[in-house]
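The residues making up each chain are set out below.
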Amino acid sequence: MADRQAKLARLRTELGVDPYGQRVDGLISLAAAKALFKPELEGDARPVAAVAGRVVLHRDIGKLIFMTVRDSTGDLQVAVSKKAVDEKAFELAKLVDLGDVIVARGPVGVTKTGEVTVWASGVEMAVKSLAPPPEKWKGLQDPELRYRRRYVDMYVNPEVMTVLQQRSGIISGVRRYLENRGYTEVETPMLQPIPGGAAARPFVTHHNALDIDLYLRIAPELYLKRLLVGGMPKVFEINRNFRNEGISPRHNPEFTMLELYEAFADYQVMMDIAEGVIRKLAQDVIGKTTIAFRGLEIDYGKPFRRATYFELFEEANGFPVSAHDRLVQKARELHLESAGKAHDVLLQEVWERTVEGEERFGQPIFVMDYPASLCPLTRPKPGNAAVAERFELYIAGMEIANAYTELNDPAVQEANFRQQLAGLDDEQANFRNLDEDFLNALKVGMPPAGGMGIGIDRLIMLLTGMASIRDVIAFPLMKPVTSGGEAETPSA
RNA sequence: GACUGGGUAGCUCAGCUGGUAGAGCAGCGGCCUUUUAAGCCGUUGGUCGAGGGUUCGAGUCCCUCCCCGGUCACCA
């Protein structure tokens, strides 16, 4: 750090160079510069490019200096020959450290070994880096450092950049897909007086002027439905939800969720949208329909399997869901406590241990038609009150989408809300309240509708092949580090 | 939250049953006009995560705590 500070001073005093650069016009990406190379052209006929990039390798062999520079499109070699540049530029090239960002202009040619190279006629310092860079070959490996100093990780480990760019492509691809279907993107409150739409612990905050507690939303659902009541036919929102729960490779306290609601649709329509958008993203953003994830080859090109809860249960256990005695026996085999539990509760516990899992839920599968008692906020199947019109999409064992034919009967909704509230413990009761305004909206009348939520971060994990949610979020939450009462000084 | 693995130089890592803290890269000083992790010669650099304990002596053994990864739980 001190050595670099000294070099920064030398740039100013000896070379009269501003180590923090200035506006540069006419820059092209390193990939574009590389593409300009024409092997048949030599000397002055070679195309000239102006490029900028962070120096990741610096080979000074005396009167000739090779640098490998990197930008978001890749790496390119820049050569600075003492003969080809003025004295000041050559001295500047000598003073370049790994991590500096430079601007180089010159013909795009090759070296003896055939590597495409910008043969600099001019070199400038765009910004002097004061922090020592990570090891140049092994790079930045320590996962803690990588997440804490993502700005270093991003250039040291180029796949990080790739994933973040693919993330952007996936999200804009989702928008395009839904807009093409006539959907309107909306934004609903993230600061909510009553957190609703999911079963999760919220973050609490406080508004000073109004002197009220507010909650960071755990889901946008109840507001999106209000928009349906108001007359919007097809709405979606892609934005952050916040849940005050544990952190894991599949859970970040803030995460990006897509929710969509379509009037006069049902969960079958949502199933088609889920399958359609995911397949399209694989094709358009990743460029293939078979993608490796945690050792699995996931095929997004084939139609996704669609099976009911009841079928899958029987397939895995060899007896139907209605066979109570067999269920109790199975529960005993699994060391589950069955005494005093309702049939459907026990059913779900056995389901979680026998049906879910990679062998059955590895390839994309829609699990449809859950027992109604497990989904109190879902509309039952017409003519069969025991079955809820709900599906969950599983891929690689992860829950990716959850969809319903939405309940729009305010009386049933209110009864279900009240039943839910009655079953809460004291801690949960602190923030769960009856959202009377939402019930009022249902009384105004919400058209029948299908609705769905898709965990965007998890979808990005699948499509990019990243095993941890932290790898698809630019700045995942990390506990702040302090040492001796002082904040850690960044160095890498 | 539980279990488990880890934290040693800026980075990547070694350090055995306790005996003066090491390497490579980076850095610094030299040489070098076609290198490819350039090379060669010389060289600087440490609160061994923090605190306590055992011991003549602790990176190493014991205790407490902090941070990170993984698995599980909660959840999406």
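Here's what I pulled together on the structure shown here.

### Focus on the protein's contact with RNA strand B
Okay, step 1: RNA strand B sits among 49 residues. The nearest are Asp3, Thr111, Thr113, His251 and Lys479.
Okay, step 2: For RNA strand B, the fraction of protein-proximal atoms (within 4 Å) that sit in sugar or phosphate groups is 56%.
Okay, step 3: One of the backbone N or O atoms of Lys63 is found 3.1 Å from a phosphate oxygen in RNA strand B.
Okay, step 4: Within the backbone of Glu135, an N or O atom sits 2.9 Å from a sugar or linking oxygen of RNA strand B.
Okay, step 5: Contributing elements (two or more residues each) for the surface near RNA strand B: α1 (2-13), β1 (48-60), β2 (64-71), β3 (74-81) and α4 (143-148).
Okay, step 6: In terms of residue class, the surface near RNA strand B is made up of 14 nonpolar, 11 polar and 24 charged.

### Points about the pairing of strand β5 (residues 116-119)
Along any regular strand the residues' side chains alternate between the sheet's two faces.
Okay, step 1: In terms of strand pairing, β3 meets β5 through three bridges, oriented parallel. In the strand pairing of β5, Gln77 is matched with Thr117.
Okay, step 2: In this structure, strand β4 (residues 101-110) lies alongside β5, joined through three bridges in antiparallel fashion. Pairing of Val110 across the sheet is with Val116, part of β5.

### Remarks on helix α10 (residues 324-333)
Okay, step 1: Among the residues making up α10, those that are buried are Leu327, Val328 and Ala331. The buried residues of α10 all sit within an arc of 95 degrees when viewed along its axis, so they share a single face. Counted as exposed and oriented over 90 degrees from the buried face of α10: Asp325 and Arg332.
Okay, step 2: Summarising the contacts, the buried residues of α10 are in contact with α9 (309-317) and α11 (343-354).
Okay, step 3: Following α10 by one or two positions, His335 adopts a phi angle in the positive range, close to 60 degrees.

### Thoughts on unusual backbone geometry
Okay, step 1: Residue Phe264 is not a glycine yet carries a positive backbone phi of 65 degrees.
Okay, step 2: Tracing the backbone through its elements, the reader meets Phe264 in the loop between β12 (254-263) and α8 (267-286).
Okay, step 3: The class of Phe264 is exposed, set by a relative accessible area of 67%.
Okay, step 4: The backbone phi angle of Asp369 is positive, close to 60 degrees, even though this residue is not glycine.
Okay, step 5: For Asp369, a relative accessible area of 8% corresponds to the buried category.

### Some remarks on the sheet that holds strand β8 (residues 191-192)
Okay, step 1: Read from one edge of the open sheet, three strands run β8-β10-β9, paired in antiparallel fashion. Both edges of this open sheet fall to β8 and β9 (204-207), since each of them pairs with a single strand only.
Okay, step 2: Sheet topology places β9 next to strand β10 (residues 212-216); four bridges connect them, and they run antiparallel. Note that in β10 the partner of His206 across the bridge is Asp213.

### Side note on the pairing of β2
Okay, step 1: β2 sits mainly inside the fold: six of its eight residues count as buried.
Okay, step 2: Bridge analysis of β2 against β3 gives eight bridges, and the strand direction is antiparallel. In the strand pairing of β3, Leu64 is matched with Ser81.
Okay, step 3: Hairpin connection of β2 to β3: two residues between the antiparallel strands.

The rules we used
Residues numbered from 1 in each chain as written. Chains lettered and ligands numbered in written order. Predicted model: local features only at pLDDT ≥ 70, side-chain atom pairs only at ≥ 80, totals over all residues. Heavy atoms only, no water. Near = heavy atom within 4 Å. Polar contact = N/O pair within 3.5 Å; in protein donor to acceptor, adjacent residues only side chain to side chain. Helix = DSSP H or I, 4+ residues; strand = E, 2+ residues; numbered from the N terminus. Nonpolar A, V, L, I, M, F, W, Y, C, P; charged D, E, K, R; others polar. Pairing = 2+ DSSP bridges. Buried < 20%, exposed > 50% of the residue type's maximum accessible area, 1.4 Å probe, protein only. Arc of directions from axis to C-beta. Contact = heavy atoms within 4.5 Å.

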